[in-house]
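Next come the chains, spelled out residue by residue.
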Amino acid sequence: MDTRPPQDSKRFPRFLLDGEVVEARDATATTTLLQYLRGPLGRCGTKEGCAEGDCGACTVVVGEARDGGMRYRAVNSCIRFVPTLDGKEVVTVESLRAADGTLHPVQQAMVEAHASQCGFCTPGFVMSLFALWLERDRVKREEAVEAITGNLCRCTGYRPIIEAAMRMHALGPSAHWPRGPDNAGRRRAALPADAAGVSLPGFHAPRTLDALADAYAGAPESLLLAGGTDVGLWVTKQLRDLPPILYLGDVAELDRIDERGSVLEIGAAVSLTDASRCWPSSPPASAPRRCATRARCAATSPTGLPSAIPCRC
Ligand code: FES
Ligand code: FES
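Residues numbered from 1 in each chain as written. Chains lettered and ligands numbered in written order. Predicted model: local features only at pLDDT ≥ 70, side-chain atom pairs only at ≥ 80, totals over all residues.

Details of the overall build of the chain
(1) Moving on: Helix and strand counts for the chain stand at eleven helices and eleven strands.
(2) Moving on: Buried residues in the chain amount to 45% of all 313 residues.
(3) Moving on: A separation threshold of at least 6 residues defines the contact pool for the chain, and within that pool the share at least 24 residues apart is 67%. (Helix = DSSP H or I, 4+ residues; strand = E, 2+ residues; numbered from the N terminus. Buried ≥ 20, exposed ≤ 12 C-beta atoms within 10 Å, placed from the backbone. Contact = placed C-beta atoms within 7 Å.)

Looking at the nonpolar core
(1) Moving on: In terms of nonpolar packing, the biggest core is built from 77 residues, with V61, V106, L129, F130 and A165 touching the most fellow members.
(2) Moving on: Among the elements that make up this core, the one with the highest residue count is helix α3 (residues 122–135) (nine residues).
(3) Moving on: In this structure, F130 is in contact with V61, L96 and V106, ignoring residues within four places of it in sequence. (Core = buried A, V, L, I, M, F, W, Y, C linked by C-beta atoms within 7 Å.)

Comments concerning helix α7 (residues 209–218)
(1) Moving on: Restricting attention to buried positions, one finds in α7 the residues A211, L212 and A215. Looking down the long axis of α7, one finds its buried residues gathered within 100 degrees of arc, a one-sided arrangement.
(2) Moving on: Where α7 is buried, its residues contact β7 (203–204) and β9 (245–247). (Arc of directions from axis to C-beta.)

A look at the environment of A175
(1) Moving on: On the secondary structure map, A175 appears in the loop between α5 (158–167) and α6 (181–190).
(2) Moving on: Each C-alpha atom, one on A175 and one on T102, is 9.6 Å from the other, the two residues being 73 residues apart in sequence.

Topic: the environment of G232
(1) Moving on: Assignment of secondary structure puts G232 in helix α8 (residues 231–236).
(2) Moving on: Of the residues examined, G232 has 25 C-beta atoms within 10 Å and is grouped as buried.
(3) Moving on: If sequence neighbours within four positions are ignored, G232 has contacts with G53, I79 and R80.

Side note on the pairing of strand β2 (residues 20–23)
(1) Moving on: One ladder, built from four bridges, connects strand β1 (residues 14–17) with β2; its direction is antiparallel. Following the sheet pairing, R14 is matched in β2 by E23.
(2) Moving on: Between β1 and β2, which pair antiparallel and follow one another directly, the connecting turn spans two residues, one of which, D18, has a positive phi of 50 degrees. (Pairing = 2+ DSSP bridges.)

Quick look at the sheet that holds strand β4 (residues 69–76)
(1) Moving on: Spatially, the five strands line up as an open sheet ordered β2-β1-β5-β3-β4, and their pairing is mixed. In this open sheet, the two edge strands, each paired with only one partner strand, are β2 and β4. Between one strand axis and the next, the sheet turns through 35 degrees on average, direction left out of account.
(2) Moving on: Relative to strand β5 (residues 89–91), β1 runs parallel, the two sharing two bridges. Bridge pairing links L17 to V90 in β5.
(3) Moving on: On top of the sheet, α3 reaches β3 (59–66) and β4; it is set at about 25 degrees to β3, its chief contact. (Axes fitted to C-alpha atoms, helices over the stretch in contact; angles between N-to-C directions.)

The structure is reproduced here in structure tokens:
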């Protein structure tokens, strides 16, 4: 049975931003999140540096429902297509400060450590540290270094940023952006939830393996998109027109790791970050050793390992 929607049936991507659901009616299949933030949403705090996933100026944090709560990760918004944000939460640098102007502990730590630098790199550093602040109770030096790998500053100001990372948890909780299960539960409940996947001209997001197989059989010229760390550059750097996209990221059966005896089956939508957690102590020889946290969070095993694309950073 062909489960693809009729050609004229559209389902626009919807995501949560500062507690409000944004329906991205004016985003195309390949509009990047960075373009959408700085254009229609007027959020210019997120900057464009390289537009190819290397510099971290465009870093935002994306949250999604996981394991009964929320999981937040820093991502490069310059190579992330808006339709892939459907059903998720987007957090930008503007989201961190409270309405009365109170800085978030991450921002306050940056101020106190004299770590704030130019307006291009600083928002990206802040958002990488914010993802780390959400994930940990305290931060060791090596964790701070790891978190800002891929945030480039040509002016060599890393030491105070690492200090800010190590002191940010000592500044107490944030009333505006608290951590913990209560906040995660509230945010999870506010996520937009639609029964059908996104469907736009040139972009279709099946929800099941069967629906994906049907859609691919009906349009075998389609491009299968997962993390987009390769494909994003085809658009932002090579200015290519892409064939219709079939997005794998919403197919639950592909975002799974199964262990069968001595064999690990890693789904095509599993990020390198998740895959690496189940590697034995020595990762596969082909695994990228030096790649930015954000690239690993987006890149998937089928493309990320063979091409080692995240190693560009
Ligand atoms: Fe450089 Fe996105 S603008 S990583
Ligand atoms: Fe921003 Fe160096 S690039 S201070």
